[in-house]
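What follows is the residue order along each chain.
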Amino acid sequence: MGDGWPVAAPLSNVGDMTASSTFDVIFVGAGHNALIAASYLAREGRSVCLLDQCPTPGGWVRSEELTLPGFVHDTFSACHPLFVGGPVFAELGTELAEHGLRYVQGEVSAGASFSDGRSAVISTNPDALSAELDCLGEREAWTQLMDDMSPHLCLVPLMGMDLDSPEAARLLRGLCRQTGCSLPFASLLNGSGCDLLGDRFSSEELIMALLPWLLHLGLSPTDAGGALWAALLMTTLPAGNPAPVGGSGRLAEALTGLVSAYGGEIRTGVDVDAVVTAGGRATGVQTADGEQLTAIQAVIASTTPDQLYGRLLRDAPGIPESTRAQARRYRYRRGCFQINLALSARPRFADSRLDGGGGINVGRGLTELLTSVRQAEVGLLPGYPSISWHEPTAVDPGRAPAGQAVVRLQVLDVPLHPTGDAAEEITVDGRWTAPVAERFADRVIAEAAKHISGLEQMVLARHILSPADLARTNPNAGPGDHASGHNALSQAFTQRPIPAHRGGYATAVTDLYLIGAASWPGPGVSGSSGRAVARRLLNRPDSRETPRKQPPTRTMGSRSVDRTAVTFPSGGASSAPPP
C-alpha cells in the first residue's frame, strides 16, 4: 500500500521538537518512501523535516493488536519482497538491522488453493519448485518464458528510476527496439496478464498462483500492461515473500529510528494545508494552524495528483490548466476489503504445503476470478470473492499466543461504492456501512472455510477494514483504492500519475516532487520512488557540499543488536527485482 498524507490532527512529534522552521528538505507525509528518502538525505548532511497526519510515521506500513491482546496484525501491508530484493535494502539493510529490523520467510512464497481441493505451490526451494512444475506439466513452458524474458532484464533498473531522465529514456528506447526476440517488449507492455499466462500455461493451478497478484499492483487480470507485471512476478516470487519479524510495522519503526539517528525531525499529527511557492518554485509549506516552514532545497509530497493540485497547490499560480485537468481526472478503480483474524489454533489447508506461510490465492478458479473482478468494477459485491490469504504466524509464531495464530484475508475485487450484490443477499445503497461490511466479511470467511476445515470455529475475534475505512484512514486511497489509483497502462509507466509528469517525480512546480504509490513504479513496499528522488537531490549540480553525518552513539542496554538482515529458514536470500 501507499504512503500517508497529512490531514487535520493535533500537532505532536517523534523525538524532540526543535524550534527550527527552516530545513533543506520538507516532506508532506511520512510513509515508507518518505522515510527512505529522508534517511538518504539526512545521512548525507541534509536537514529534513517530515510532517504526517498520524500519531506514528509509516503510512500504510503498520502493525497493531487489532483484535485481542497478544495478537499482532498487519494493519495494511504485510510482505515486503520488493523491498528486500531491491537496492534500498542492499544499501540501508545493515543500519536498519541496528534499529531492530529482521526479516523471516518460509519455503512457501506463493500458492493457490481451490475449493475442489486442487493446489499449486511456488517454493523458494529450487528443487521443490522444479518438482511442482513437473507435477503440473509446466516445466518446459516455465523455462521458455523465463528465457524469453532474459532480453528484457535491463528493465529491472528502470523500476528505481525517474522515467523522464535521459538514462531511463535510453533504456526504454533499447527495450522498444528489441522487436526480433520471441517476446517483444511491446507485447508485454500492451498485453494482459491473463493473455500472457493463459497462452503459456495450461495448468489453471499455476495460473492462479500468479495471476491474482496483479490485483495487489492495482491492475485487473485483463488490463493492458499486466503481461509485463505478470512476467516480473514470475521472476520475483520464487525468490521469496519475506515479512519483518514482529510485523510489517517494524520496517517503519526502523526507518524512523534511522532518520532520527541522523538528526532528521519527524512531526506527526500535522495538517499541511498548502505548499508555498514563490517565483514558480516550492519554498516551503503552511500548516492548517498557520505555521510556515521553509524548504531551502525541495518539498517532497507523498500524495496523489488530485490531492496535490486540488488542495496543496490549489492557489499556486502558473500551473497549466491542462495539468490541473489531468489531475482532476486521475482514476481509482477497485476497493480493498481486509479481515484480520485472531485464531485459537493454526489453520490447516488440505494441501499441507500451503501451511508454510507466504501469500496464498484462495478461490474457485480463473473464471470466478475474472467474474468477481468484473462484478466489482460495475459496483457489485462479488458472489464468490477472490481471497489473498496470509498467515504470519506460520513463520513468526511470536505474533500470537502459543499455539494460536493471526491471519489476514484481503479481497481486492470489491467495489469502491457498492450499488448491488451479485449474490442478491446483502442490501446496499452505494455505501460501505458497518452492516454491509459485517455481512460481506461473513461471506469471505465462509468462502475461506471451504479451504480451511473448521476455520469459522477457530475465530476468536476479527477486525474489518472496508474501502470506506481505508478512505477515512488515508486520502491517498481516494474512495478506498489500496493502490492509490488505477495502475493499468493508461495510468502507468510514463503516464503515471498523469501524462504531464512523464513518469518522473518532478511536478509542475520547480523543486516540488511527488513520491509514493501514485508515482512510478506504483503500489508496493519497495522504497523505489523515495530512493530515486533522494539520489536526484543529492546528485543535483546545485546541491550543497555538506559532510555526511554520523549517527550519535546509541546505548542499547543489555539487549544485543541482531545484525542479521534476513533470516530464511528454508531457502536462499531473496534476489528479487523491485517492480
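Structure's up top.
Please read all numbers here as calculations on a predicted model, not as lab measurements. (Residues numbered from 1 in each chain as written. Predicted model: local features only at pLDDT ≥ 70, side-chain atom pairs only at ≥ 80, totals over all residues. Heavy atoms only, no water.)

Caption draft 1: Local environment of the environment of Leu188. Following the sequence through the fold, Leu188 ends up in helix α7 (residues 185-190). The class for Leu188 is buried, based on a relative accessible area of 0%. Put simply, Leu188 and Ala224 are 36 residues apart on the chain and 8.7 Å apart in space, counted from C-alpha to C-alpha. Contact partners of Leu188, with chain neighbours within four places excluded, come to Met149, His152, Leu183, Leu196, Gly225, Ala227, Leu228 and Ala231. (Helix = DSSP H or I, 4+ residues; strand = E, 2+ residues; numbered from the N terminus. Buried < 20%, exposed > 50% of the residue type's maximum accessible area, 1.4 Å probe, protein only. Contact = heavy atoms within 4.5 Å.)

Caption draft 2: Expanded view of the pairing of strand β13 (residues 335-343). The buried count for β13 comes to nine of nine residues, which makes it a mostly enclosed element. In β13, alternate side chains face the same way, and those of Gly335, Phe337, Ile339, Leu341 and Leu343 on one face and Cys336, Gln338, Asn340 and Ala342 on the other are all buried. With eight bridges joining them, β13 and strand β17 (residues 405-414) adopt antiparallel strand pairing. Counterpart to Ala342 in the pairing with β17 is Val406. Of the pairings in the sheet, the one linking β13 to strand β19 (residues 459-465) comprises six bridges and is antiparallel in character. Looking across to β19, one finds that Gln338 is bridged to Leu465. (Pairing = 2+ DSSP bridges.)

Caption draft 3: Structural detail: the sheet that holds strand β14 (residues 359-363). Taken in spatial order, the seven strands of this open sheet run β7-β6-β14-β16-β17-β13-β19, and their pairing is mixed. Each of the sheet's edge strands pairs with one partner strand only, and the pair in question is β7 (119-123) and β19. The sheet shows a mean angle of 20° between the axes of neighbouring strands, direction not considered. (Axes fitted to C-alpha atoms, helices over the stretch in contact; angles between N-to-C directions.)

Caption draft 4: Geometry of the packing of aromatic side chains. All told, the structure shown has 13 aromatic pairs when counted by the stated rule. Judged by centre distance (6.3 Å) and plane angle (55°), the rings of Trp60 and Phe76 are tilted. With Trp60 in the loop between β2 (48-52) and β3 (63-64) and Phe76 in the loop between β4 (73-74) and α2 (81-84), this residue pair connects regions lying 16 residues apart in the sequence. Assigned by exposure class, Trp60 and Phe76 land together as buried. Members of the aromatic cluster, connected to one another through ring pairs, are Phe83, Phe89 and Tyr103. Against the face of Phe114 rests Arg118, its NZ or CZ located 4.2 Å from the ring centre. (Phe/Tyr/Trp six-rings, centres within 6.5 Å; stacked < 30°, edge-to-face > 60°. Lys NZ or Arg CZ within 6 Å of the ring centre and 35° of its normal.)

Caption draft 5: Spatial organisation of helix α4 (residues 126-136). For α4, every residue scored as buried is listed here: Leu129, Ser130, Glu132, Leu133 and Leu136. Down the axis of α4, the smallest arc covering the buried residues is 160°, so these residues share one side. More than 90 degrees from the buried face of α4, the exposed residues found are Asp127 and Cys135. Tucked into the core, α4 has its buried residues touching β7, α5 (139-149) and α9 (204-210). A distance of 2.9 Å separates the backbone nitrogen of Asp127 from a side-chain oxygen at the start of α4, and that oxygen is part of Asn125. Taken from the residues just after α4, Gly137 is the one with a positive phi, measuring 75°. (Arc of directions from axis to C-beta. Polar contact = N/O pair within 3.5 Å; in protein donor to acceptor, adjacent residues only side chain to side chain.)

Caption draft 6: Examining the pattern of salt bridges more closely. On inspection of all chains with the given rule, the structure shows 34 salt bridges. Between Arg314 and Asp273 there is a salt bridge; the shortest N-O distance is 2.7 Å. Pair noted here: Arg314 is in the loop between α13 (305-312) and α14 (321-328) and Asp273 is in strand β10 (residues 272-278), with a separation of 41 residues, a long-range link. On the basis of relative accessible area, Arg314 is assigned to the partly exposed category, the value being 34%. A relative accessible area of 18% means that Asp273 is categorised as buried. Note that Asp442 is salt-bridged to Arg462, the shortest N-O span being 2.9 Å. Highlighted residues: Asp442 in helix α16 (residues 434-449) and Arg462 in strand β19, separated in sequence by 20 residues. Residue Arg462 is classed as partly exposed on the basis of its relative accessible area, which comes to 28%. Salt bridges sharing common partners tie together Asp223, Arg333, Arg334, Arg374 and Glu377. (Salt bridge = Lys/Arg side-chain N within 4 Å of Asp/Glu carboxyl O.)

Caption draft 7: Molecular detail of the packing of α5 against helix α11 (residues 226-236). For the pair α5 and α11, interaxial distance at closest approach is 11 Å and the crossing angle is 110°. With respect to their mutual orientation, α5 and α11 come out roughly perpendicular. Residues Trp142, Leu145, Met146 and Met149 of α5 form the contact with α11, whose own contacting residues are Ala231, Leu232, Met234 and Thr235. Looking at side-chain class alone, the contact of α5 with α11 contains seven nonpolar, one polar and no charged residues. (Parallel < 35°, antiparallel > 145°, perpendicular 65-115°, else oblique. Nonpolar A, V, L, I, M, F, W, Y, C, P; charged D, E, K, R; others polar.)

Caption draft 8: Representation of the nonpolar core. Residues Phe27, Leu50, Phe83 and Phe201 are the most contacted members of the largest nonpolar core, which totals 100 residues. Core analysis: the next-biggest nonpolar cluster, separate from the first, contains 33 residues, Phe337, Val436, Phe440 and Ala468 among them. (Core = buried A, V, L, I, M, F, W, Y, C linked by side-chain atoms within 4.5 Å.)

Caption draft 9: Seen up close, unusual backbone geometry. In this model, Arg496 is joined to Pro497 through a cis peptide bond whose omega is -5°. By secondary structure assignment, the location of Pro497 is in the loop between α18 (467-473) and β20 (512-515). In this model, Trp520 is joined to Pro521 through a cis peptide bond whose omega is 5°. Within the secondary structure, Pro521 is located in the loop between β20 and α19 (528-539). Positive phi, normally seen in glycine, also occurs at Ser484, with a value near 55°.

Caption draft 10: Local environment of the packing of α13 against α14. Between α13 and α14, whose axes approach to 7 Å, the crossing angle comes to 125°. Taken together, α13 and α14 sit at an angle that is classed as oblique. Two packed elements cross with a definite hand, and for α13 against α14 that hand is left-handed. Taking contact as the criterion, the partners of Pro305, Asp306 and Tyr309 in α13 are, on α14, Thr323, Arg324 and Ala327. Looking at side-chain class alone, the contact of α13 with α14 contains three nonpolar, one polar and two charged residues. (Left-handed = near helix turned anticlockwise from the far one by under 90°.)

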